[in-house]
There are 2 protein chains.
Amino acid sequence: MPPINLPANLKFGPFRVSKQVFHLSKTQLSYGLVNLKPLLPGHVLICPVRSVPRLSQLSANETADLFNTVRVVSRTIERVYRATALNVAVQDGVDAGQSVPHVHVHVIPRQAGDLDDRGGGDQIYEMMDGEEGDLGKAFWEMQRARQARGEERRDFAGGPDSDRKPRTEQEMSDEAEWLRGEMEKDADEGDEKGLGN
Amino acid sequence: MPPINLPANLKFGPFRVSKQVFHLSKTQLSYGLVNLKPLLPGHVLICPVRSVPRLSQLSANETADLFNTVRVVSRTIERVYRATALNVAVQDGVDAGQSVPHVHVHVIPRQAGDLDDRGGGDQIYEMMDGEEGDLGKAFWEMQRARQARGEERRDFAGGPDSDRKPRTEQEMSDEAEWLRGEMEKDADEGDEKGLGN
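What you are looking at is a predicted structure, and each value in this text was computed from that prediction instead of being measured. (Residues numbered from 1 in each chain as written. Chains lettered and ligands numbered in written order. Predicted model: local features only at pLDDT ≥ 70, side-chain atom pairs only at ≥ 80, totals over all residues. Heavy atoms only, no water.)

1. A few points about the pairing of strand β3 (residues 21-24) of chain A
All names here are of chain A.
- With 3 bridges connecting them, β3 and strand β4 (residues 30-34) associate as antiparallel partners. Bridged to H23 within β4 is G32.
- Connecting the antiparallel pair β3 and β4 is a turn made up of 5 residues, with Q28 showing a positive phi of about 60°. (Pairing = 2+ DSSP bridges. Helix = DSSP H or I, 4+ residues; strand = E, 2+ residues; numbered from the N terminus.)

2. A short note on helix α1 (residues 60-80) of chain A
- Look at α1(A): 30 Å from first C-alpha to last across 21 residues, which is about the 30 Å you get at 1.5 Å a residue.
- Downstream of α1(A) by one or two residues, R82(A) has phi in the positive range, about 50°. (Expected span 1.5 Å × (residues − 1).)

3. As for the UniProt feature "site: Important for induction of apoptosis" (unreviewed entry) in chain A
- In the numbering used here, UniProt assigns the feature "site: Important for induction of apoptosis" (unreviewed entry) to Y125(A).
- Mapped onto the secondary structure, Y125(A) falls in helix α2 (residues 123-129).
- Once you skip the residues sitting within four places of it in the chain, Y125(A) turns out to touch N87(A), Q91(B), A96(B), Y125(B), M128(B) and D129(B). (UniProt positions renumbered as here; feature names shortened; annotations may be inferred. Contact = heavy atoms within 4.5 Å.)

4. So, the pattern of salt bridges
- Under the counting rule described, the total for this entry stands at 16 salt bridges over all chains.
- Here K185(A) makes a salt bridge to E182(A), at a shortest N to O gap of 2.9 Å. Note that K185(A) and E182(A) are positioned in helix α4 (residues 167-192) at a spacing of 3 residues, about one turn of the helix.
- Looking at K185(A), the relative accessible area reads 56%, which means it is exposed.
- Overall, the relative accessible area of 9% leaves E182(A) in the buried class.
- Between R50(B) and E62(B) there is a salt bridge, with the nearest N and O atoms lying 2.7 Å from each other. In this pair, R50(B) sits in the loop between β5 (44-48) and α1 (60-80) while E62(B) sits in helix α1, placing the two residues 12 residues apart along the sequence.
- Look at R50(B) and you get partly exposed, because its relative accessible area is 39%.
- In the salt-bridge network here, residues are joined through shared partners; they are R79(A), E182(A), K185(A) and D186(A). (Salt bridge = Lys/Arg side-chain N within 4 Å of Asp/Glu carboxyl O. Buried < 20%, exposed > 50% of the residue type's maximum accessible area, 1.4 Å probe, protein only.)

Below you can see the structure in the form of structure tokens.
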């Protein structure tokens, strides 16, 4: 599968992203990335390409594209992760738990009883707002680890030495590649419905 | 202020709604209603007019309109409830905590430390998924109370006897009316930006 032709210097907040990006909307206004620390399998983030912290700062077009991307992606995510439902959530601002100042929509596939051993279904939100779900922390840790390896000038795209990257980046890249293929399988249906995402 | 000209037989899941509706998008594809049991002041619900349970069942237009309505409403809600952030969440399906089978986006205004006395900020989600946030239960209880008063044929619009309605319906109606006025104050700005919601 050819790589996605991503906008130059695509970022998630202050962090450059590329290999973990599994989807770019046709308008190039929105993209989807797999998670550094998914709370449940298939937990992905959908973001506007333009980096602004708050929903209210998006244009009407950006908002429409963002949530149509959520809708289209969520269908594939639900299918491939054999989910029966999804939590869709935006922490819109610091006081709502936002840790990276770039609008991002959490899409988390759910199944009956999936969190029974962790205290019940509503625990997903505590996980999202707690240590486990601190995206900012996870990204900074990855950046620090990369710097410690003398890779401070590289982004997630890696380089010739990408085989030296920690398994977690490889895993993300593999998952993104796989999801991208699965998105394509669903694309025909989407096109028929004129979704354009 | 003239009443909103609502679509005939507007429903939230199985429940007819009218007086607690504070906003109808210009396209008439989406509406906003105040909550029977707000988890925090200003907690509102934004819904598509067409009643379907899942996000994936909405059209591209409906999705665009729904979330642009969220964006436009959230600006007013944040202003009038003096919030600094918002939680925006969809329980998309029963296994994600959905209790009324009609897509609804929770918009919950947040302030720093607002839930400190209830166990911290992430408690908002537990409240949403728990007893406190069970919309279906709250609506059924209201319907049962209405039936007990022999009002089973009436909807929230009430009738000549609407002054006999319990205070909570009056409160909802008052809040909806007030919010509608506040939405109009922000409408000019929205129109300038071509939002159309």
